Amino acid sequence: MESIFHEKQEGSLCAQHCLNNLLQGEYFSPVELSSIAHQLDEEERMRMAEGGVTSEDYRTFLQQPSGNMDDSGFFSIQVISNALKVWGLELILFNSPEYQSLRIDPINERSFICNYKEHWFTVRKLGKQWFNLNSLLTGPELISDTYLALFLAQLQQEGYSIFVVKGDLPDCEADQLLQMIRVQQMHRPKLIGEELAQLKEQRVHKTDLERVLEANDGSGMLDEDEEDLQRALALSRQEMDMEDEEADLRRAIQLSMQGSSRNISQDIPQTSGTNLTSEELRKRREAYFENHNSEVDEGKLSSADILLIQQQKQQQQKQQQQQGDLAGQSSHPCERPTTSSGALGSDLGDAMGEEDMLQAAVTMSLETVRNDLKTEGKK
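Residues numbered from 1 in each chain as written. Predicted model: local features only at pLDDT ≥ 70, side-chain atom pairs only at ≥ 80, totals over all residues. Heavy atoms only, no water.

A. How the structure looks around the nonpolar core. One finds Leu33, Phe75, Ile80, Leu84, Ile113 and Trp120 to be the most contacted residues of the largest nonpolar core, which totals 26 residues. Elements with a contribution of two residues or more to this core: α1 (14-23), α2 (30-49), α4 (77-85) and β6 (161-166). The greatest single-element share of this core, amounting to 6 residues, is contributed by α1. With sequence-adjacent residues up to four places away left out, Phe75 is seen in contact with Leu13, Ala15, Pro30, Leu33, Ser34, Ala37, Asn68, Met69 and Trp120. If you look at the next biggest cluster of nonpolar residues, it comprises 15 residues, including Tyr99, Cys114, Trp130 and Leu152. (Core = buried A, V, L, I, M, F, W, Y, C linked by side-chain atoms within 4.5 Å. Buried < 20%, exposed > 50% of the residue type's maximum accessible area, 1.4 Å probe, protein only. Helix = DSSP H or I, 4+ residues; strand = E, 2+ residues; numbered from the N terminus. Contact = heavy atoms within 4.5 Å.)

B. Geometry of the sheet that holds strand β3 (residues 119-126). As summarised here, the arrangement of the 6 strands in space is β1-β6-β2-β3-β4-β5, forming an open sheet in which the pairing is antiparallel. Looking at which strands have only one partner, the edges of the open sheet turn out to be β1 (90-93) and β5 (141-143). For this sheet, the mean inter-axis angle between neighbouring strands, taken without regard to orientation, is 30°. Bridging between strand β4 (residues 129-132) and β5 involves 3 bridges; their strand directions are antiparallel. Residue Trp130 lies in a different strand from β5, and its bridge partner there is Ile143. In the packing of helix α6 (residues 145-157) onto the sheet, contacts are made with β2 (111-116), β3, β4, β5 and β6, and the angle to β5 comes to roughly 110°. Contacting β3 and β4, helix α7 (residues 173-180) crosses the sheet at an angle of about 40° to β3. (Pairing = 2+ DSSP bridges. Axes fitted to C-alpha atoms, helices over the stretch in contact; angles between N-to-C directions.)

C. Here's a closer look at the packing of aromatic side chains. Considering all chains together, one arrives at 8 aromatic pairs under this definition. With a centroid separation of 4.9 Å and 35° between ring planes, the pair formed by Tyr116 and Tyr160 is classed as tilted. Remark: Tyr160 occurs in the loop between α6 and β6 and Tyr116 occurs in strand β2; sequence separation between them is 44 residues. On the accessibility criterion, Tyr160 (17% relative accessible area) is buried. (Phe/Tyr/Trp six-rings, centres within 6.5 Å; stacked < 30°, edge-to-face > 60°.)

D. Region of interest: the confidence of the model for the chain. For the chain, the average pLDDT comes to 76, and 56% of its residues sit at 70 or higher. Within the model, the stretch residues 260-265 combines pLDDT values under 50 with 7 contacts to residues more than four positions away or in other chains. The model gives residues 330-352 a pLDDT under 50, and that stretch makes 13 contacts with residues more than four places away or in other chains. (pLDDT = per-residue confidence, 0-100.)

E. Spatial organisation of the pattern of salt bridges. Evaluation of the coordinates by the stated rule reveals 5 salt bridges. Here Glu56 ties to Arg59 by a salt bridge, and the two come within 2.7 Å at their closest N and O atoms. Linking Glu56 with Arg59, this pair stays in helix α3 (residues 56-63), spanning 3 residues, or about one helical turn. Residue classification places Arg59 among the partly exposed residues on the basis of a relative accessible area of 39%. In this structure, Asp175 engages Arg110 in a salt bridge whose closest nitrogen and oxygen atoms are separated by 3.6 Å. With Asp175 in helix α7 and Arg110 in the loop between α5 (97-100) and β2, this residue pair connects regions lying 65 residues apart in the sequence. Judged by relative accessible area, Asp175 falls into the buried class, the value being 13%. (Salt bridge = Lys/Arg side-chain N within 4 Å of Asp/Glu carboxyl O.)

F. Highlighting the side chain of Ser111. Take Ser111: it is sitting in strand β2. For Ser111, a relative accessible area of 0% puts it in the buried group.

G. Quick look at α4. For α4, every residue scored as buried is listed here: Val79, Ile80, Ala83 and Leu84. End-on view of α4: buried residues confined to an arc of 130°, all on one side of the axis. Buried residues in α4 make contact with α1, α2, β1, β2 and β3. (Arc of directions from axis to C-beta.)

H. The arrangement of the pairing of β3 in detail. Here β3 lies mainly inside the structure; 8 of its 8 residues are buried. Pairing between β2 and β3: 6 bridges, direction antiparallel. Within the sheet, the bridge partner assigned to Ile113 lies in β3 and is Thr122. Joining the antiparallel neighbours β2 and β3 is a turn of 2 residues, in which Lys117 adopts a positive phi near 50°.

I. Examining the pairing of β2 more closely. By the criterion of burial, β2 is predominantly enclosed, with 5 of the 6 residues buried. Here 4 bridges tie β2 to β6, and the two strands are oriented antiparallel to one another. Bridge pairing in β6 places Ile113 opposite Phe163.

J. The arrangement of the packing of α2 against α4 in detail. α4 packs onto α2 with a crossing angle of 110° between their chain directions and a minimal axis gap of 9 Å. Taken together, the axes of α2 and α4 lie roughly perpendicular to each other. The crossing of α2 and α4 is right-handed. Here α2 contributes Leu33, Ile36, Ala37 and Leu40 to the contact with α4, which in turn contributes Gln78, Val79, Asn82 and Ala83. In terms of residue class, the contact of α2 with α4 is built from 6 nonpolar, 2 polar and no charged. (Parallel < 35°, antiparallel > 145°, perpendicular 65-115°, else oblique. Left-handed = near helix turned anticlockwise from the far one by under 90°. Nonpolar A, V, L, I, M, F, W, Y, C, P; charged D, E, K, R; others polar.)

Printed below as a string of C-alpha cells:
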C-alpha cells in the first residue's frame, strides 16, 4: 500500500488530485490546469464572437465568470479531459447508451473518474486489484472484484457521474509491484473530515478524562487527609484512655500501699514503748506467718505475696539458727545471753525491712497489672 501514490485533499483542488492519483505521480499542478482552463475560455470566447462582438449574447458571455475554473481551485470536466489528451487518454460516460451497448464488464476496464457536485476522484486498477483513490480518504481503499460493480452502481444511485478512462496509462511502480503480489487491508481508511472529528473527539474526551482524574485525585487527597485525621483522633483518644488508666492505677497503688501498711501494723505487734524479748518476737512472727500460710492455702494471696512470705520464712529459719547458736554459747561460764537494746533494734529493723519488701512486692504486682492493661488497650 505504501507504493501507491495517493494525494490527499487540499482546498478545492480535487481535479488535480484526481488526475495525479490516476496517473500515479505529480503530473499536474494548479498552474498547469489553470492554463488549460484559460485556453478553453479563449476558445469559447472566439466561438461566441463569431456571432458578432456587439451582440447581446457576446456581451453577456464576457460578463459571466469562467465555467472551466474558479478561484477555489475547481476545474471542469473539459479541463480534465484536455489534460488527459496530453497522455493519449479519452473519457467516455459510463452510463451513456453508446458505452452500455458495448456490455463491457467494469472489471475488465483499467480506471474510472467519478464526479459529484464539483468533487472528482479516481478508481483505478493497480496490478490485479482495484483501489478507490478518493482524495478525501486518509489512504487508498481496496475494492474487491465482486464489489466493484456494486460500488459503481451505488455511486450512480447517489448522483455521481462516472467516466471510463480509455487508453494506455503510464507505467508506475505500484502497478508493477502489485502484478506480483496481492495486498490485504485490515481496516478501511476513514474520511479526512471523519478522522479530524474523531481526533477532536478524542482530545475532548482526553481533556474530560484528565479533569475527572484530577477531581478524583483531589477527592482522594481529601479522603487520605480525613483518614489521617481519624487516625490522629483515635490515637488521641487512646492516649487519653491510657492516661486515665495510669491515674486510676496510681490511685490503686496508693490505696494498696496504705492498706499494706495497715495490715503490717496489725500483723506486727506494737511495742507500745516496751521492750520485747527475742522469744516473744519469735512467737508473734510465727503467728503472722501461720496467718499468711492459711491465706495462701485459700488462694487469697498473689504471687508477689507468696514470694514475700517465702523470703520471710527464710529469714525466720536464719534467726532460729542464730538463736540456737546463742543458746549453745550460754553453756560457757564466761558467756551469758543478752537482750540488749542493740539486739532488739536489729529485730525491729528486720520487721521494718519486711514492711518495705511487702510494699515493693505490691508495687511489682500492680506494675504487672498496668502492663497487661496497656497491652489489651493496644490490641
